[in-house]
Amino acid sequence: MENEKTNKRFAKLPNRDTIEAVHNIQNYIRLHFQDEDFSVERVCVEAGYSRRHVDRMFQFFLGQPLKDYINSVYLTQSANELIESDASVLDVALNCHFQTHEGFTRSFYRKFHVTPSQYRKTQIPLPLFTQYPIGHYYALLDYVQNKEDQEMNQNMNLCMITAKERPRRKLIYLPAKNADDYFSYCEEMGCDWEGLMNSIPEKYESAALIELPSALVPEGFSKTAVGVEVPLSFEKPLPEGYRTAELEECIMLYFQSEPYEDENDFCAAIESTYAAIEKYRPEQYGYRFAYDLAPSFNFGAEAATGARLAVPAVGIS
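In this report, we go over the structure that sits alongside the text. Each chain carries its own residue numbering, running from 1 in the written order of its sequence. Predicted model: local features are reported for residues with pLDDT of at least 70 only, side-chain atom pairs are reported and counted for 80 or more only, and whole-chain, interface and lining totals are derived from all residues. The basis for every side-chain value is the complete set of heavy atoms in the structure, and neither hydrogens nor water enter the calculation.

## Describing the packing of aromatic side chains
Geometry of aromatic contacts follows a simple scheme: Phe, Tyr and Trp rings, the Trp one being its six-membered ring, pair when their centres are within 6.5 Å, and the pair is stacked under 30 degrees between planes, edge-to-face over 60, tilted otherwise. Under the criterion given, the structure shown has 19 aromatic pairs. Centroid distance tyrosine 182 to tryptophan 193: 6.3 Å. Interplanar angle 75°. Geometry classified as edge-to-face. Of this pair, tyrosine 182 sits in helix 10 (residues 182-189) while tryptophan 193 sits in helix 11 (residues 192-198), and the two are 11 residues apart along the sequence. Here's how the labels work: a residue is buried when its accessible area is under 20% of the maximum for its type, exposed when over 50%, partly exposed in between, all with a 1.4 Å probe on protein chains only. On the basis of relative accessible area, tyrosine 182 is assigned to the partly exposed category, the value being 22%. With a centroid separation of 5.6 Å and an interplanar angle of 0°, the aromatic rings of tyrosine 280 and tyrosine 285 are classed as stacked. Judged by relative accessible area, tyrosine 280 falls into the buried class, the value being 14%. Joined through ring pairs, the aromatic side chains of Phe98, Phe104, Phe108, Phe112 and Tyr119 make up one cluster. A helix here means a DSSP run of H or I that spans at least four residues, while a strand means a run of E at least two residues long, and both kinds are numbered starting from the N terminus.

## Details of the pattern of salt bridges
By definition, a salt bridge exists where a carboxyl oxygen of Asp or Glu is found within 4 Å of a side-chain nitrogen of Lys or Arg. Under the defined criterion, the tally for this structure stands at 11 salt bridges. A salt bridge links arginine 42 to glutamate 46; its shortest N-O distance comes to 3.0 Å. You can see arginine 42 and its partner glutamate 46 sitting in helix 3 (residues 40-47), 4 residues apart, about one turn around the helix. Classification of arginine 42 as partly exposed rests on a relative accessible area of 34%. It is possible to trace a salt-bridge network through shared partners that takes in Lys164, Arg166, Arg169, Glu205, Glu229 and Arg308.

This is the structure we're talking about:
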């Protein structure tokens, strides 16, 4: 059934040149949105398309016109500046291309349902905007469709392994009912979780796709979720659907693959890192895997750093 759904998606895929065009515009925004001369018009000029055409492409692929996309980028940047700097709210607004304090506050409140000043005081989790490259989405679709025909890149099987001790802590997580991987999770639950969880200053690591221990799987849900670990003292309000659980102390074994050249190889990098975990024998180094104590984490992959996964373990004598 899943293969049938995937094939239907591919039957409707747009022209690859169009996907690449949107991907390139996203990259330009990511690299230049803080430039003094940055504007919606500038983006269209650099892309070589009319404003109307860019809006049409962004609406189709990303669900919003270019101006709204850029506004989300700026509001997320402003949220980070409110936490990480002592700049006044007005200075933050001007740094993020807003003309007035009032206009910035209105936009911030519409997006996050809290004023900039309130957010600076409370630092509650916000659904920050993640500029997820559209090219990666379709590279993942390609990988899912052709996975059985692809050979594992053996050059990616070399992993660095780092052990980090974790005290008792809380897990913040959002479980899915039917998902069993990243693609199906985002299809079911959307992608707002990434920005929201990464907005939590107290988090130990960035937000990740996780596989829950059986004891933490709610009735009627799958083991697949997303989550972050935070200190036991974390008590901030969370949106509906998010859950918390206390985790016992353990060791997290981090597996990180080598960097890779083609950014579309991120799926293969993750798969090869999972293969490395399967081959690893922790008992030889004084550990044993302890999947009942904590989730395993899939932090994804980037070409410059490789794939990164973490699994729970405990020491043995």
